[in-house]
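Observations on chain architecture
Residue-level listing of the chains:
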Amino acid sequence: MAHTFRLDGQIHRLDADAVRAGLKNQIPEDVRDHWVEVDGVRWPVKQVFGAAMGLRRDAFTSHIALRQLRALGFSTSTLPGETTAAHGSSYPPQPRGHHGQQLPGQPGDGPDPAEAFATLLAFIGSAGLTERIAALEARMNGIGRSAAADLAEDSGMSLDLLLAALLVRKHAGRLSDIIHAAVITQVLPLILEEGERVLQRPSLAAGNDPSRPYDLETDRRVAEFKMSVWKGADAMRKRGAFADLVHLALDQSGRRAQLYVAGPAAIHFLRSAKGSAAWGLNRSSPVLRRRFEERFGSLEVPIRDFTAERAAHVELVDLTSLLPAIGPAIE
């Protein structure tokens, strides 16, 4: 019995004989999370589906493979949220590898974050994503229930894609910390001078704590790092960059003060903005605003004037000049 299905908008056809033929010269790999049983042997589901379809394994998810192989009558591991009892003996309660070892993944385990990220990245990287979404919007105009069901199947906006996006978003909150830490780690050997020493543990994660007022503090400099990428109005990013500039300008240690930013947009803003320091600090702590007034006077001073005068000693450094490789990633 042949099974017809859609994958990324393309119609495919598969039958059990093709699955067996694809495995003819294959050796079962170790099973990690999801498996399919073919003639009494349990295989990693992506190995089987990829061999049968002639597809690279990053072209589909384990969940897609499970559904299509299951439709051909093969026994498989469960999908997230399923119970063994709901599917009878086709979905055994304790999956084991092809040598009989018990697998670490249990029925109902969620999707693998790495696989979810690969799925999402492949979709985002597909040609014309913006145009693809716009075309989907147009096709939904005036649509009815039956046609909507066909469109959901044909569009590529699958449940697997949705689950992958949700899982990646769940873990994406720490990306800023990774970027911040990696930038400082890569820049540090490029800026330290002969004999210069880091005075205390740098603040590698985004944000400072009272014991570490600067992202980087050495015996010769204090520095803040801003890796925010500016794309539009960017009011929050503008305020963040200005607050860091003020923070550095307040330092009275006599050391070099440096603000490192991702790209020229932040530097251009600080040097040209006509808005007031009051606007720039209206989301900052009352303590910072009070220190500004005590040291520099009125908050009504234009940002560009403050940058050129009271904060003239603070060096504004474009990180792409130190790490050119990051340029294309932040454009």
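Now for a description of the structure that goes with this document. Every chain begins its residue count from 1, and numbering advances along the sequence as written. Only residues with pLDDT of at least 70 are given local features in this predicted model, and only at 80 or more are side-chain atom pairs given and counted; all residues enter the totals for whole chains, interfaces and linings. The basis for the side-chain values is all heavy atoms of the structure; hydrogens and waters are excluded.

Even without glycine at this site, D39 takes up a positive phi of about 55 degrees. Tracing the sequence through the fold places D39 in the loop between β3 (35-38) and β4 (41-44). Working definition: helices are DSSP H or I runs of at least four residues, strands are E runs of at least two. Numbering for both runs from the N terminus.

Nonpolar cores were defined as sets of buried Ala, Val, Leu, Ile, Met, Phe, Trp, Tyr and Cys residues, with membership established by side-chain atoms within 4.5 Å. Type-normalised accessible area, obtained with a 1.4 Å probe on protein chains alone, sets the label of each residue: buried when under 20%, exposed when over 50%, and partly exposed for intermediate values. Counting residues in each nonpolar core, the largest one holds 30 residues, and the members touching the most others are F242, L245, F292 and F306. At the level of elements, α9 (235-249), β8 (256-261), α10 (265-272), α12 (286-296), α13 (303-308) and β9 (314-318) are the ones that each hand at least two residues to this core. Ranked by the residues each element gives to this core, the list is headed by α9, at seven residues. The next biggest cluster of nonpolar side chains, apart from the first, holds 21 residues, and it includes V36, V48, F49 and A65.

Moving on, we come to the packing of helix α4 (residues 113-124) against helix α7 (residues 159-172). The contact between α4 and α7 brings their axes to 8 Å, and the two run at 115 degrees. If you check the angle between α4 and α7, you find them roughly perpendicular. Like other packed secondary-structure pairs, α4 and α7 cross with a definite hand, here left-handed. Contacts from P113, A116, F117, T119, L120 and F123 of α4 reach α7 at L161, A164, A165, L167, V168 and H171. When its residues are assigned to classes, the contact of α4 with α7 shows 10 nonpolar, two polar and no charged. Orientation is described by axes fitted as lines to C-alpha atoms, over the contacting stretch for helices, and by angles from 0 to 180 degrees between their N-to-C directions. An angle below 35 degrees is read as roughly parallel, one above 145 as roughly antiparallel, one from 65 to 115 as roughly perpendicular, and any other as oblique. Note: crossing handedness is left-handed where the near helix turns anticlockwise from the far helix by less than a right angle, and right-handed where it turns clockwise. Throughout, a residue-residue contact means that at least one pair of heavy atoms, one from each residue, lies within 4.5 Å. All amino acids are sorted into three groups, where Ala, Val, Leu, Ile, Met, Phe, Trp, Tyr, Cys and Pro are nonpolar, Asp, Glu, Lys and Arg are charged, and the leftover types, Gly among them, are polar.

Further remarks concern the sheet that holds strand β6 (residues 216-217). In any sheet, the strands associate via hydrogen bonds between backbone groups, in a parallel or an antiparallel arrangement. Two strands form a pair only when DSSP identifies at least two bridges running between them. Within the open sheet, the four strands sit side by side as β6-β7-β8-β9. Their pairing is mixed. Of all the strands in the sheet, the pair left with one neighbour each is β6 and β9. The strands touched by α9 within the sheet are β7 (221-226), β8 and β9, with β7 carrying the most contacts at an inclination of about 175 degrees. Across the sheet, α10 touches β8 and β9, and the angle it forms with β9 is around 145 degrees.

Among the six residues in β8, five count as buried, and that is most of the element. Bridge count for β7 against β8 is six bridges, and the pairing is parallel. Counted as the bridge partner of A223 is Q258 from β8. When the strands point away from the viewer, a crossover counts as right-handed if the path from the first strand over the helix to the second runs clockwise. Taken together, β7, α9 and β8 constitute a β-α-β crossover, and its handedness is right-handed. Strand direction decides the pairing type here: β8 and β9, joined by five bridges, are parallel. From the neighbouring strand, A257 faces β9, where its bridge partner is V314.

Think of a salt bridge as a Lys or Arg side-chain nitrogen and an Asp or Glu carboxyl oxygen that are within 4 Å of each other. Under the definition given, this model contains 11 salt bridges. Between K226 and D244 there is a salt bridge, with the nearest N and O atoms lying 3.5 Å from each other. Taken together, the positions of K226 in strand β7 and D244 in helix α9 put the pair 18 residues apart, joining distant regions of the chain. By relative accessible area, D244 is classed as buried at 11%. Between D234 and R237 there is a salt bridge, and its shortest N-O distance comes to 3.0 Å. Classification of R237 by relative accessible area gives partly exposed; the value is 34%. Beyond isolated ion pairs, a larger network of salt bridges with shared partners links E193, R220, R256 and E315.

Our next topic: the packing of aromatic side chains. Aromatic rings from Phe, Tyr and Trp, with only the six-membered ring used for Trp, were paired whenever their centres fell within 6.5 Å, and each pair was classed as stacked if the ring planes differed by under 30 degrees, edge-to-face if by over 60, and tilted otherwise. Applying the stated rule across the entire model yields eight aromatic pairs. Judged by centre distance (4.9 Å) and plane angle (75 degrees), the rings of F49 and F60 are edge-to-face. A residue pair is termed long-range when its members are at least 10 positions apart, and F49 in helix α2 (residues 45-53) and F60 in the loop between α2 and α3 (62-71) qualify at 11 residues. Take F60: its relative accessible area is 3%, and that puts it in the buried class.

Take the sheet that holds β3 next. An order of β4-β3-β5 is seen for the three strands of this open sheet, with the pairing classed as antiparallel. With partners counted over all chains shown, the strands left at the sheet margins are β4 and β5 (75-76), one partner each. Bridge count between β3 and β4: four bridges; the pairing is antiparallel. Within β4, the position partnered with V38 by the bridge is V41. Along the sheet face, α2 touches β3 and β4 and points at about 80 degrees away from the line of β4.

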